[in-house]
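# Working through the structure, step by step
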Amino acid sequence: MTDPSVADTRRLNSKPQDLTDAYGPPSNFLEIDVYDPQVVGVGRNRYTNYEVRMRTNLPIFKLKDSCVRRRYSDFEWLKNELERDSKIVVPSLPGKALKRQLPFRGDEGLFEESFIEERRSGLEQFINRIAGHPLAQNERCLHMFLQDESIDRNYIPGKV
């Protein structure tokens, strides 16, 4: 008889991997990229928007490949909706950068390339952390954010 206090270290029997398994598409994947920042507008109506591209084979998403443009306030909207309606812990967004909005700065403030790139990277981390959460994947607001051309802020919250 074996001693139950000693861990069983025998290997599990597994089938050998063939080329299709090794180089085929992964069984489940979700890739989201935030890229191509564009500054839009003039003066006080100026803002930056980003292209958000999603590729997946997860059956919960109706589109397997989508590309939409979103601005920082859209990411804030998504965060607020998830905090209000879901049971998940929502990660924080990159900071609002209030000091960069002050007048009479010697630089471009919110529209400086290094700041835009830093924010883009933070937004990409934020959306990937949320979209990777199995409970968040059921939320209608996430699907709208990733796949609909425009966000209907009067939508009825709920599950997909």
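Our subject is the structure listed above.
Criteria and cut-off values
Within each chain, residue numbers correspond to sequence positions counted from 1 in written order. Local features in this predicted model are restricted to residues of pLDDT 70 or higher, and side-chain atom pairs are both shown and tallied only at a pLDDT of 80 or more, whereas totals for entire chains, interfaces and linings draw on every residue. In computing side-chain properties, one takes all heavy atoms of the structure into account and sets aside hydrogens as well as water. A fitted line through C-alpha atoms represents every axis, and for helices the fit uses only the stretch in contact; the resulting angles, taken between N-to-C directions, go from 0 to 180 degrees. Think of it this way: any DSSP run of H or I at least four residues long counts as a helix, any run of E at least two long counts as a strand, and we number them from the N terminus. Angle categories are assigned with fixed cut-offs, so that under 35 degrees is roughly parallel, over 145 is roughly antiparallel, 65 to 115 is roughly perpendicular, and the rest are oblique. Should the near helix be turned anticlockwise from the far one by less than a right angle, the crossing is left-handed, and should it be turned clockwise, the crossing is right-handed. In what follows, residue pairs with any heavy atoms lying within 4.5 Å of each other are defined as contacts. Under the convention adopted here, Pro, Cys and the residues Ala, Val, Leu, Ile, Met, Phe, Trp and Tyr are nonpolar, Asp, Glu, Lys and Arg are charged, and Gly plus all remaining residues are polar. Counted as a polar contact is a pair of N or O atoms within 3.5 Å, where, for protein atoms, one must be capable of donating a hydrogen and the other of accepting one, and residues adjacent in sequence contribute only when both atoms are in side chains. When DSSP finds two or more bridges between a pair of strands, those strands are recorded as paired. Buried residues of nine kinds, namely Ala, Val, Leu, Ile, Met, Phe, Trp, Tyr and Cys, make up a nonpolar core once their side-chain atoms join them within 4.5 Å. Only protein chains enter the accessibility calculation, which uses a 1.4 Å probe; a residue is then buried when its area is under 20% of its type maximum, exposed when over 50%, and partly exposed in between. When a carboxyl oxygen of Asp or Glu is within 4 Å of a side-chain nitrogen of Lys or Arg, the pair counts as a salt bridge. Note on ring pairs: Phe, Tyr and Trp rings are taken, using the six-membered ring of Trp, and paired if centres are within 6.5 Å. Classes follow the plane angle, with under 30 degrees stacked, over 60 edge-to-face and the rest tilted. Geometrically, a lysine NZ or arginine CZ counts as sitting over a ring once it is within 6 Å of the ring centre and also within 35 degrees of the ring normal.

### A few points about the packing of helix α3 (residues 113–131) against helix α4 (residues 140–147)
- Contact geometry of α3 with α4 gives a least axis separation of 11 Å together with a crossing angle of 135°. When the axis of α3 is compared with that of α4, the two are oblique. Where α3 crosses over α4, the handedness of that crossing is left-handed. Side by side, α3 and α4 meet where Ile 127, Ile 130 and Ala 131 of the first sit next to Leu 142, Phe 145 and Leu 146 of the second.
- Looking at side-chain class alone, the contact of α3 with α4 contains 6 nonpolar, no polar and no charged residues.

### Digging into the side chain of Thr 56
- By the element assignment, Thr 56 lies in strand β2 (residues 47–56).
- Separated by 2.6 Å, the side chain of Thr 56 and the backbone oxygen of Phe 29 make a polar contact.
- With residues up to four places along the chain from it excluded, the contact list for Thr 56 reads Phe 29, Leu 30, Phe 61, Leu 63 and Lys 64.

### Describing the sheet that holds strand β1 (residues 30–40)
- Reading across the sheet, the 3 strands line up as β1-β2-β3 and stay open at both edges, with antiparallel pairing between neighbours. Looking at the sheet topology across the chains shown, the edges are occupied by β1 and β3 (65–71). Pairwise comparison of adjacent strand axes, ignoring direction, gives a mean angle of 20° for this sheet.
- Contacts between α3 and the sheet are confined to β1 and β2, with β1 contributing the most and set at about 150° to the helix.
- Across the sheet, α4 is in contact with β1, β2 and β3; its angle to β3 comes to roughly 90°.

### Observations regarding the nonpolar core
- Grouped together as the largest cluster of nonpolar side chains are 30 residues, with contacts concentrated most on Phe 75, Leu 78, Ile 127, Leu 142 and Leu 146.
- Those elements giving two or more residues to this core turn out to be β1, β2, α2 (72–85), α3 and α4.

### Considerations on the pattern of salt bridges
- Tallying each qualifying case throughout the model produces 13 salt bridges.
- Between Arg 53 and Asp 65 there is a salt bridge, and its shortest N-O distance comes to 2.9 Å. With Arg 53 in strand β2 and Asp 65 in strand β3, this residue pair connects regions lying 12 residues apart in the sequence.
- Under the relative-accessibility criterion, Arg 53 is labelled partly exposed at 27%.
- A relative accessible area of 43% places Asp 65 in the partly exposed class.
- For Arg 84, the salt bridge goes to Glu 81, with nearest N and O atoms at 2.8 Å. Of the two residues, Arg 84 and Glu 81 are both situated in helix α2; the distance of 3 residues between them amounts to about one turn of the helix.
- The exposure class of Arg 84 is exposed, given its relative accessible area of 53%.
- The exposure class of Glu 81 is buried, given its relative accessible area of 9%.

### Comments concerning the packing of aromatic side chains
- Scanning all chains against the criterion turns up 3 aromatic pairs.
- Ring centres 5.7 Å apart and planes at 65° place the aromatic pair Trp 77 and Tyr 155 in the edge-to-face group. With Trp 77 in helix α2 and Tyr 155 in the segment after α4, this residue pair connects regions lying 78 residues apart in the sequence.
- For Trp 77, a relative accessible area of 8% corresponds to the buried category.
- Tyr 155 gets classed as buried once you look at its relative accessible area, which sits at 11%.
- The structure contains a cluster of three or more aromatic residues connected by ring pairs, namely Phe 75, Phe 126 and Phe 145.
- Note that Arg 70 overlies the ring of Phe 145, its terminal NZ or CZ placed 5.4 Å from the centroid.
- In this structure, Arg 119 packs its charged tip against the face of Tyr 72, placed 3.9 Å from the ring centre.

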